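This is what each chain is made of:
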Amino acid sequence: MCGISGVAGLTDVSHILLASIKSLEYRGYDSCGMAILAQRRIEIRKDVGTVDEVIQRQRLYEVHGLLGIAHTRWATHGGVTSVNAHPHRSSDGAFAVVHNGIISNYRQLRGELEELGYVFSSETDSEVIPHLLHFYYRREQDVERALQCCLARLEGSYAFALLTTHEPERLYCAKLQSPLILGIGSNQNFIGSDFNAFIAYTRSAVVLDDHEYAVLTNDSYRIINALTSLPIRKNLMHIAWDPEQAQKGGYPHYMLKEVFEQPQTVSKVLAIERGELEKLARSLFDAGRAYFIGAGTTYYAALFGQYQLAELAQLFVPAISSDEFKFGALVDAETLVVAISQSGETYDTLEALRFAREHGAHTAAIVNVQGSSMTRLVDQVIMQGSGPEICVVSTKSALAQMLILTRLALVAGLLRGTLSAVQYDEREAELRLLPAVIQRILNEKSGFINTIARRHCHVNDWLYLGRGIYYAVAMESALKMKEVAYLHAEGMPGGFLKHGTLALIGEGVNTIVFTPPRAQRELHDLSLGSTEEVKARGGYLIGIHFDAEPSLYQDQVQLPEMPAILGPFAQLVVGQLLAYFAATALKRNVDKPRSLAKSVTVA
Amino acid sequence: MKAIILAASRGASLDPFTRTRPKPMITVSGRYLLENSIDLLKAAGVTDYQLIVGHQREKIMSFFQQGAEHGVNISYILQEDPHGIGAALAEARNTVLPGEYFLLVYGDILTRGNIFIQTLQSFHSCRAPVAAICLTPSAELYGNVYLDEQMRITRIIEKPQTGGLGNYVLAGVFVLPSQFFEILDRAGNDMEQALALLVKDPGLSASIWEDDWIDMVHPWDILRGNHIIMEPWDAAFISCEAQLRGDVKIEGPVYVAPGVVIESGSVLRGPCYVGPNTYVGNNVLIRKYTSIGRDCVIGYGVELKNCVMFGHSRVGRLSFIGDSVIGEHVNIGSGTMTVNANLEDKTVQVLVGGVLQDSGFKKLGAFIGDHVQIGASNTLPAGLCIEAGEYLPHNTSISLRGGR
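Residues numbered from 1 in each chain as written. Chains lettered and ligands numbered in written order. Predicted model: local features only at pLDDT ≥ 70, side-chain atom pairs only at ≥ 80, totals over all residues. Heavy atoms only, no water.

What to know about the interface of chain A and chain B
And step 1. On the chain B side, the residues contacting the 32 residues of chain A number 28 residues.
And step 2. Counting the surface lost from both chain A and chain B, the interface buries some 2400 Å², and carbon and sulfur atoms represent 55% of this.
And step 3. Where chain A meets chain B, there are zero salt bridges.
And step 4. At the boundary of chain A and chain B, one finds four residue pairs in polar contact (both at pLDDT 80 or more).
And step 5. Where the side of chain A that touches chain B is concerned, the elements lending two or more residues are helix H6 (243-246), helix H7 (254-260), helix H8 (262-270), helix H16 (434-456) and helix H19 (567-585) of chain A.
And step 6. Counting residues per element, the side of chain A that touches chain B draws most heavily on H16(A), at eleven residues.
And step 7. A breakdown of the residues in the side of chain A that touches chain B according to their chemical character gives 15 nonpolar, twelve polar and five charged. (Contact = heavy atoms within 4.5 Å. Buried area = accessible area lost by both parts, 1.4 Å probe. Salt bridge = Lys/Arg side-chain N within 4 Å of Asp/Glu carboxyl O. Polar contact = N/O pair within 3.5 Å; in protein donor to acceptor, adjacent residues only side chain to side chain. Helix = DSSP H or I, 4+ residues; strand = E, 2+ residues; numbered from the N terminus. Nonpolar A, V, L, I, M, F, W, Y, C, P; charged D, E, K, R; others polar.)

Thoughts on the domain arrangement of chain B
Residues and elements named next belong to chain B.
And step 1. When its domains are assigned, chain B resolves into domain 1 (2-217) and domain 2 (234-392).
And step 2. Here domain 1 and domain 2 have C-alpha centroids that lie 31 Å from each other.
And step 3. Between domain 1 and domain 2, the residue contacts involve twelve residues of the former and 17 residues of the latter.
And step 4. Surface buried jointly by domain 1 and domain 2 totals about 1100 Å² across both partners, of which 60% is contributed by carbon and sulfur atoms.
And step 5. At the surface where domain 1 touches domain 2, the tally comes to three salt bridges.
And step 6. A salt bridge links Arg21 to Asp370, with the shortest nitrogen-to-oxygen separation between them at 3.0 Å.
And step 7. In this structure, the connection of domain 1 to domain 2 is made through five residue pairs in polar contact (both at pLDDT 80 or more).
And step 8. Here the residues of the side of domain 1 that touches domain 2 sort into four nonpolar, five polar and three charged. (Domains from an automatic or database assignment.)

Some details on the pairing of strand E16 (residues 289-294) of chain A
All names here are of chain A.
And step 1. Most of E16 is tucked away: five of the six residues are buried.
And step 2. Of the strand pairs in this sheet, E16 and strand E18 (residues 335-341) are connected by five bridges, and their pairing is parallel. Opposite Arg289, over in E18, you have Thr335 as the bridge partner.
And step 3. Relative to strand E17 (residues 319-321), E16 is paired through three bridges, and the arrangement is parallel. (Buried < 20%, exposed > 50% of the residue type's maximum accessible area, 1.4 Å probe, protein only. Pairing = 2+ DSSP bridges.)

Remarks on the packing of helix H3 (residues 106-115) of chain A against helix H4 (residues 128-140) of chain A
Each packed pair of helices is defined by two parameters, the angle between the axes and the distance between the axes.
Residues and elements named next belong to chain A.
And step 1. One way to put it is that H3 packs onto H4 with a least axis distance of 10 Å and a crossing angle of 45 degrees. By the angle between their axes, H3 is oblique relative to H4. In terms of crossing hand, the pair formed by H3 and H4 is left-handed. Of the residues in H4, those in contact with Tyr106, Leu109, Arg110 and Leu113 of H3 are Val128, His131, Leu132 and Phe135.
And step 2. Residues belonging to the contact of H3 with H4 are distributed by class as follows: six nonpolar, one polar and one charged. (Axes fitted to C-alpha atoms, helices over the stretch in contact; angles between N-to-C directions. Parallel < 35°, antiparallel > 145°, perpendicular 65-115°, else oblique. Left-handed = near helix turned anticlockwise from the far one by under 90°.)

As for the pairing of strand E22 (residues 488-493) of chain A
As a general feature of sheets, a regular strand has side chains that alternate between the two faces.
Residues and elements named next belong to chain A.
And step 1. Bridging between strand E21 (residues 461-466) and E22 involves six bridges; their strand directions are parallel. Looking across to E22, one finds that Tyr464 is bridged to Gly491.
And step 2. Read from E21 through helix H17 (residues 469-485) to E22, the crossover connection turns out right-handed. (Right-handed = clockwise from strand over helix to strand, strands pointing away.)

Focus on the sheet that holds strand E15 (residues 237-238) of chain A
Residue and element names in this part refer to chain A.
And step 1. Overall, antiparallel pairing links the eight strands, which are arranged E3-E2-E4-E1-E10-E9-E11-E15 in an open sheet. Each edge of the open sheet is held by one strand with a lone partner, namely strand E3 (41-48) and E15.
And step 2. With four bridges joining them, strand E1 (residues 3-8) and strand E10 (residues 189-192) adopt antiparallel strand pairing. Residue pairing across strands places Gly6 opposite Ile191, the latter belonging to E10.
And step 3. Packed onto the sheet, helix H1 (residues 14-23) meets E1, strand E2 (31-38), strand E4 (67-73) and E10 and runs at close to 155 degrees relative to E2.

Brief notes about the environment of Gly93(A)
Residue and element names in this part refer to chain A.
And step 1. Examined against the element boundaries, Gly93 turns out to sit in the loop between strand E5 (88-89) and strand E6 (95-103).
And step 2. Classification of Gly93 as buried rests on a relative accessible area of 14%.
And step 3. Sequence spacing of Gly93 and Ile42 is 51 residues, and the spatial spacing of their C-alpha atoms is 7.0 Å.
And step 4. For Gly93, the contacting residues outside a window of four places in its chain are Ile42 and Thr165.

A few points about the sheet that holds strand E19 (residues 362-367) of chain A
Residues and elements named next belong to chain A.
And step 1. With parallel pairing, the five strands of this open sheet are ordered in space as E17-E16-E18-E19-E20. Edge positions in the sheet fall to E17 and strand E20 (380-383), since each has one partner strand and no second. Ignoring strand direction, the axes of neighbouring strands in this sheet form an average angle of 25 degrees.
And step 2. Sheet contacts for helix H10 (residues 297-313): E16, E17 and E18; angle to E16, the most-contacted strand, approximately 145 degrees.
And step 3. Most of the contacts of helix H12 (residues 347-358) go to E18, to which it runs at about 165 degrees, and overall it touches E16, E18 and E19.

Section: unusual backbone geometry
And step 1. A cis geometry characterises the amide bond from His86(A) onward to Pro87(A), with omega recorded as 0 degrees.
And step 2. Cis geometry marks the peptide bond from Asp15(B) to Pro16(B); its omega dihedral reads 10 degrees.
And step 3. The topology assignment puts Pro16(B) in the loop between strand E1 (2-7) and strand E2 (27-28).
And step 4. The phi torsion at His312(B) lies on the positive side, around 60 degrees, for a residue other than glycine.

Focus on the packing of H16(A) against H19(A)
All names here are of chain A.
And step 1. Their axes nearest at 9 Å, the elements H16 and H19 cross at an angle of 35 degrees. Of the two possible hands of crossing, H16 and H19 adopt the one that is right-handed. From H16, Leu434, Val437, Ile438, Ile441, Leu442, Ser446, Ile449, Asn450, Ile452, Ala453 and Arg454 reach across to H19, where they touch Phe569, Ala570, Val573, Val574, Leu577, Leu578, Phe581, Ala582, Thr584 and Ala585.
And step 2. Residue composition of the contact of H16 with H19, by class: 17 nonpolar, three polar and one charged.

Concerning the packing of aromatic side chains
And step 1. Enumeration over the complete set of coordinates arrives at 24 aromatic pairs over all chains.
And step 2. An angle of 55 degrees between the planes, with centres 5.5 Å apart, marks the rings of Tyr299(A) and Tyr300(A) as tilted.
And step 3. Measuring from centroid to centroid gives 5.2 Å for Phe102(B) and Phe181(B), while their planes differ by 20 degrees, and the two rings are stacked. Placement of Phe102(B) in strand E6 (residues 101-106) and of Phe181(B) in helix H5 (residues 180-186) is noted, with a sequence separation of 79 residues between them.
And step 4. Using a relative accessible area of 0% as the deciding quantity, one classes Phe102(B) as buried.
And step 5. One aromatic cluster is present, formed by Trp233(B), Phe237(B), Tyr255(B) and Tyr273(B) through successive ring pairs.
And step 6. In this structure, Arg155(B) packs its charged tip against the face of Tyr146(B), placed 4.2 Å from the ring centre. (Phe/Tyr/Trp six-rings, centres within 6.5 Å; stacked < 30°, edge-to-face > 60°. Lys NZ or Arg CZ within 6 Å of the ring centre and 35° of its normal.)

A short note on the environment of Leu197(B)
All names here are of chain B.
And step 1. Along the chain, Leu197 turns up in helix H6 (residues 191-200).
And step 2. Using a relative accessible area of 26% as the deciding quantity, one classes Leu197 as partly exposed.
And step 3. Put simply, Leu197 and Leu184 are 13 residues apart on the chain and 8.7 Å apart in space, counted from C-alpha to C-alpha.
And step 4. Beyond its immediate sequence surroundings of up to four residues, Leu197 is in contact with Ile183, Arg186 and Ala187.

Here we look at the domain arrangement of chain A
Residue and element names in this part refer to chain A.
And step 1. Here the domain parsing of chain A yields domain 1 (3-246), domain 2 (251-432) and domain 3 (445-603).
And step 2. Relative placement of domain 1 and domain 2: their C-alpha centres are 37 Å apart.
And step 3. With eleven residues of domain 1 in contact, the opposing surface of domain 2 contributes twelve residues.
And step 4. Across the domain 1 to domain 2 interface the summed buried area is about 850 Å²; carbon plus sulfur atoms make up 58%.
And step 5. Broken down residue by residue, the surface that domain 1 buries against domain 2 is led by Tyr26, Tyr29 and Trp74, which jointly contribute 54%.
And step 6. Counting every contact that joins domain 1 to domain 2 gives zero salt bridges.
And step 7. The tally of links from domain 1 across to domain 2 stands at zero residue pairs in polar contact (both at pLDDT 80 or more).
And step 8. When its residues are assigned to classes, the side of domain 1 that touches domain 2 shows five nonpolar, three polar and three charged.

Section: the side chain of Thr119(B)
Residues and elements named next belong to chain B.
And step 1. Tracing the backbone through its elements, the reader meets Thr119 in helix H4 (residues 115-126).
And step 2. Judged by relative accessible area, which is 0%, Thr119 ranks as buried.
And step 3. Look past the residues within four positions of Thr119 in its chain and what remains in contact with it is Val130, Ala132, Val173, Val175 and Ser207.

Following this line, the structure appears as structure tokens:
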């Protein structure tokens with residue numbers, strides 16, 4: 001997903017364009033760029049990084065003109081590089097294009113164009129558009145006809161906007177399957193991937209449909225059907241709502257949106273090739289000593305990984321919080337450090353990796369954002385492919401990381417022989433049920449979790465208990481509660497309770513127990529043990545469990561039966577929802593909790 | 001976009017109030033449900049409405065007329081025989097142009113925030129049919145909506161038989177394409193089936209509503225709705241055309257409308273609402289979450305607590321009315337006591353349509369229909385419903401089951 005925008009105005013449009021792609025950043029933020037037409041010349045500036053970073057580095061505010069297009073990118077075809085960033089231009093510089101979507105026949109088109117002598121500078125599918133335009137313009141000597149010919153050749157999905165020196169007052173745009181909207185202002189007209197691109201400037205809009213293209217100047221626009229070449233009349237729409245809301249689709253908050261996207265996230269992780277994981281597994285075997293590092297949520301993901309590798313591959317890879325890594329870990333040339341980070345920009349984790357590299361260690365990372373500092377720093381990267389995560393509090397990304405580590409443990413187990421091929425296949429097949437399991441919890445349990453959250457959101461102190469791998473789940477769920485609901489939630493291993501914390505149990509402290517499925521007999525029974533301890537002291541108990549007839553808990557979320565390997569993931573989703581609903585009941589700022597930032601890039 | 005508002009159904013479960021009025025004309029905090037919805041729709045930029053009316057339609061039509069007073073355009077479609085939601089909607093088929101989308105609104109829902117703006121936003125971001133959904137603690141009453149990871153609805157189970165489901169339910173606000181009428185046709189005007197067909201093709205996206213929402217099903221829902229509207233009030237409003245004679249105490253967010261007269265010694269504890277031209281006698285105590293409609297008379301020394309009076313009613317001196325709903329043109333004799341709890345500390349049962357139902361409230365008073373006359377010195381048991389137009393003589397003992 002990418003965001004595109006365009007403006008035709010009477011005054012300088014660069015600041016409008018930049019504001020516009022900034023508000024489209026939720027659609028992607030690994031690189032961005034803009035093209036401005038002035039004095040019959042197109043000036044293009046683009047680079048990798050967030051919009052703010054690129055504005056600073058490329059000094060985007062210094063470019064001035066009355067017509068411009070801009071783009072913020074989330075890479076699909078071609079890596080995150082400055083060359084692959086949009087806008088793309090034709091070789092003579094007469095056309096500049098920003099594109100969102102995937103041109104499915106681009107290989108064929110690129111082949112044809114290359115035979116004709118066109119030189120491609122990027123690896124993207126998008127670059128075929130300016131070259132095609134150039135080619136047809138030479139034949140037709142008319143921009144609109146060239147555009148029509150070009151559209152006839154493109155397959156797949158697109159929404160693109162273009163500038164050309166041949167018609168320095170006009171912006172063109174076209175749409176098939178990807179969204180595209182025109183904003184109609186006074187003395188300036190806009191193009192955007194959605195309303196946010198221009199809502200600060202006008203609330204009148206026209207929505208383009210598939211196979212339509214539009215021609216805009218600062219005071220006029222027309223829309224033409226690309227198949228029939230006939231003009232189309234469309235009604236102006238007035239946008240009455242708050243622009244921030246429009247980005248979230250049907251969801252009230254990004255957090256819930258991202259929780260709901262998890263089945264998709266899981267499918268993405270399951271599609272990661274085994275070879276990639278094998279490579280990392282072998283690096284783990286080769287290392288004399290290995291660590292998982294992360295900070296905050298990713299530390300708990302690391303902890304999750306530690307348990308999975310111990311259980312499935314009988315390999316000891318301790319998890320260490322990145323900020324403590326320097327002080328608590330031993331690093332030498334035989335060491336492998338595997339970092340986990342959503343943004344790939346986490347200061348503490350980058351520091352730990354640099355420290356490791358200075359001592360000659362090998363490094364690897366599991367990262368979500370392509371092209372981030374971490375991906376460039378380490379020897380080996382696994383991209384988690386979770387898509388942009390906007391809510392400051394990590395949900396889908398954390399789940400994806402835990403799942404990658406689980407798959408890594410399975411592969412490692414297979415290679416080391418702790419799992420037979422049959423066992424490996426069974427576990428992998430079970431993981432494939434996870435999207436449906438998560439979907440089912442979201443669909444059938446949200447109401448119960450909401451009720452529990454509303455009933456108890458005024459309780460200030462919470463204990464989250466889990467044993468074994470459920471300890472990591474408890475820690476991560478407690479962190480969610482702290483982050484979004486601002487409630488004091490403390491995670492700990494169930495067995496740890498009696499060594500001190502038990503003194504707190506009583507009125508005003510709620511305890512949540514993550515009880516494993518009965519199939520994990522030992523863990524299950526031990527968990528019930530700590531539950532009894534709390535109950536005996538009159539603590540209020542909320543159970544998240546898989547048991548058919550529980551009697552211990554005052555409140556509970558009963559989950560359907562599922563393979564044991566899916567248990568922790570299912571409970572994690574419940575933990576996320578509990579924190580989310582508690583936060584909404586308390587009217588917290590869910591997507592931007594106080595004092596927190598998405599990627600912690602400071603020491 | 002045009003809105004089609006369903007306001008034709010009789011809503012028998014809300015008796016004794018809906019025998020004499022359509023559901024959308026229930027009053028909460030001094031305003032009709034439909035007034036509330038129309039204000040929210042207006043704020044969402046929707047000003048053209050098709051109101052489908054039937055049962056007691058003149059009440060709606062004479063109040064809203066063509067909508068000019070409310071700054072909107074209303075036209076009416078009459079549904080002569082009530083045959084469910086699908087049939088009601090089918091009556092409006094000719095008002096939507098082919099290829100257009102319309103907003104479908106159930107007339108009996110109440111929200112505080114603007115559910116319409118949010119649903120329209122969702123529609124504009126996905127350009128596909130949209131249904132607003134919300135969470136309720138129990139799926140049994142409303143059905144269960146299943147979603148996929150793209151927020152598309154995959155399945156709607158109406159009134160699921162199996163327990164253990166608690167989830168999103170339809171909130172009574174939809175954005176639908178004109179082709180929905182053809183689907184409705186294929187489904188034999190059955191709304192449930194039509195929605196099931198729509199879910200398959202072309203699909204129905206969900207828009208999650210998290211703010212308060214209530215669908216008026218039972219008489220006690222009126223009290224809940226009143227609570228929802230008043231809860232966020234944070235400032236008092238006293239009209240300059242109201243008279244507070246002498247020592248009147250106002251505590252918290254109290255709304256006093258024009259033409260109100262309050263005699264000395266009275267105490268009003270907000271949030272509460274006193275409607276236009278209502279007279280409040282000496283030493284009256286009006287407690288939290290009380291809403292008194294227009295043109296009421298509250299006698300000396302009366303105590304009102306958490307109750308809704310629709311308007312035009314009188315409460316005689318030294319009475320206590322708590323956790324109750326009182327219709328229009330009701331006359332309550334002096335010294336009448338509502339009992340609002342039972343001695344066993346159990347939830348109050350209410351006899352609705354001949355069936356005893358558990359309200360889930362431990363404190364609940366009486367539900368008194370329009371034009372009821374209650375003599376002096378009566379005691380009304382918890383959960384009592386009195387049908388519209390009934391007459392109770394002085395000093396009667398009434399049992400919950402309606403016998404005397």
